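Breakdown of the fold
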Amino acid sequence: GELPVHRNHAKDTKEYLALLNTKLEWMYRISEIVEDDTFVWLDIGILKHIRDTHRFLDELERIHRQSFDKVVLPGWSEASSFSADTVTSHFFGCFFVVPRKHLGAFFKHSKTVLTDMCTQSMYKLCWETNIWTIIDSCAMYDDIRWYTCDQDDSLILSFPWDAVAAPPNHLLNL
């Protein structure tokens, strides 16, 4: 597909945008060989944006031990109209949480939307966060929990703990 008009021409190449869109595929493939209920994505360079690395990593461990009812995706701005020519800041792709029960559907929707972006003339190859914005508004609105933050320590400090699944009733009476 064509590339977005408003992009970093040196960085946002076809190869880079294609790579960004493999995050959910990697999670899905890992889910086939591990039994975890919670999958957490971290971009490799995320720690360069974090001031309190120790606390960030401790909180990540805490997040990984939880069960979630929804996909948890941070972002900077409220949802806005979609454009294939600019990156959306509604979602950040540097960190997110996907419960096993939603991983298959999220991956399938992502693959379908990405295929449309690359094959239909009205669309363009774009960032994974743009794809997720479409999925959020059209297919999985009730299954995605968005929260506002920046790409820094607030990724964890603003984490929506209300997205954690309630323990089963039989555990509440212990």
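The sections below set out a description of the structure shown in this document. If you're wondering where the values come from, they're calculated on a predicted model, not measured in any experiment.

1. Structural notes on the overall build of the protein chain
- Each helix and strand counted, the protein chain has seven helices and four strands in total.
- Along the protein chain, helices and strands appear, N-terminal first, in the series α-α-β-α-β-β-α-α-β-α-α.
- The C-alpha atoms of the protein chain give 17 Å as radius of gyration, which agrees with the globular expectation for 174 residues (16 Å, within 12%).
- Per-residue burial for the protein chain yields a buried fraction of 41% across its 174 residues.
- Sequence separation of 24 or more characterises 76% of the internal contacts of the protein chain that already satisfy a separation of 6 or more.
- Within the structure as shown, the protein chain displays about 9,900 Å² of accessible surface, and the carbon and sulfur contribution to it stands at 53%.

2. Concerning the pattern of salt bridges
- Applying the stated criterion to the full structure yields eight salt bridges.
- The closest approach of N and O atoms between Lys-101 and Asp-69, which form a salt bridge, is 3.3 Å. Remark: Asp-69 occurs in the loop between helix H3 (53-64) and strand S2 (71-75) and Lys-101 occurs in helix H4 (residues 100-119); sequence separation between them is 32 residues.
- In this structure Lys-101 comes out as exposed when scored by relative accessible area, which is 55%.
- Close ionic contact of Asp-85 with Lys-124 constitutes a salt bridge, the shortest N to O distance being 2.7 Å. Taken together, the residues Asp-85 in the loop between S2 and strand S3 (95-99) and Lys-124 in the loop between H4 and helix H5 (128-138) connect sequence positions 39 residues apart.

3. Some thoughts on the packing of helix H2 (residues 23-31) against H4
- At a closest axis distance of 9 Å, the pairing of H2 and H4 adopts a crossing angle of 140 degrees. Taken as axis vectors, H2 and H4 run oblique relative to one another. The chirality of how H2 crosses H4 is left-handed. In this structure, H2 uses Leu-24, Glu-25, Met-27, Tyr-28 and Ser-31 to contact H4, whose residues at the interface are Arg-100, Leu-103, Gly-104, Phe-106, Phe-107 and Ser-110.
- Of the residues belonging to the contact of H2 with H4, the class tally is six nonpolar, three polar and two charged.

4. Focus: the environment of Trp-127
- Note that Trp-127 resides in the loop between H4 and H5.
- The buried category is assigned to Trp-127, whose relative accessible area is 6%.
- Not counting residues within four places of it along the chain, the set of residues in contact with Trp-127 comprises Pro-4, His-6, Arg-7, Asp-12, Leu-17, Leu-20, Asn-21, Ala-84, Asp-85, Thr-86 and Val-87.

5. Side note on the nonpolar core
- Counting 27 residues, the largest nonpolar core has Leu-24, Phe-106 and Trp-132 as the members making the most contacts within it.
- Of all elements in the fold, only helix H1 (14-20), H2, strand S1 (38-42), S2, S3, H4, H5 and strand S4 (144-148) reach the threshold of two or more residues within this core.
- Considering every element that reaches this core, the biggest residue donor is H4, with six residues.
- When sequence neighbours within four positions are dropped, the list of residues in contact with Leu-24 reads Phe-96, Val-98, Leu-103, Phe-106, Phe-107, Ser-110 and Trp-132.
- The next biggest cluster of nonpolar side chains, apart from the first, holds 18 residues, and it includes Ile-50, Val-72, Tyr-147 and Cys-149.

6. Topic: the packing of aromatic side chains
- Under the criterion given, the structure shown has eight aromatic pairs.
- Judged by centre distance (5.9 Å) and plane angle (85 degrees), the ring pair of Phe-68 and Phe-159 falls under edge-to-face. In this pair, Phe-68 sits in the loop between H3 and S2 while Phe-159 sits in the loop between helix H6 (154-157) and helix H7 (169-172), placing the two residues 91 residues apart along the sequence. Accessibility assignment for this pair places Phe-68 and Phe-159 in one class, buried.
- We note Arg-62 situated over the ring of Trp-161; from NZ or CZ to the ring centre the distance is 3.7 Å.

Analysis parameters
- Residues numbered from 1 in each chain as written.
- Predicted model: local features only at pLDDT ≥ 70, side-chain atom pairs only at ≥ 80, totals over all residues.
- Heavy atoms only, no water.
- Helix = DSSP H or I, 4+ residues; strand = E, 2+ residues; numbered from the N terminus.
- Rg over C-alpha atoms; globule rule 2.2 N^0.38 Å.
- Buried < 20%, exposed > 50% of the residue type's maximum accessible area, 1.4 Å probe, protein only.
- Contact = heavy atoms within 4.5 Å.
- Areas by Shrake-Rupley, 256 points an atom, 1.4 Å probe, with all protein chains shown as cover.
- Salt bridge = Lys/Arg side-chain N within 4 Å of Asp/Glu carboxyl O.
- Axes fitted to C-alpha atoms, helices over the stretch in contact; angles between N-to-C directions.
- Parallel < 35°, antiparallel > 145°, perpendicular 65-115°, else oblique.
- Left-handed = near helix turned anticlockwise from the far one by under 90°.
- Nonpolar A, V, L, I, M, F, W, Y, C, P; charged D, E, K, R; others polar.
- Core = buried A, V, L, I, M, F, W, Y, C linked by side-chain atoms within 4.5 Å.
- Phe/Tyr/Trp six-rings, centres within 6.5 Å; stacked < 30°, edge-to-face > 60°.
- Lys NZ or Arg CZ within 6 Å of the ring centre and 35° of its normal.

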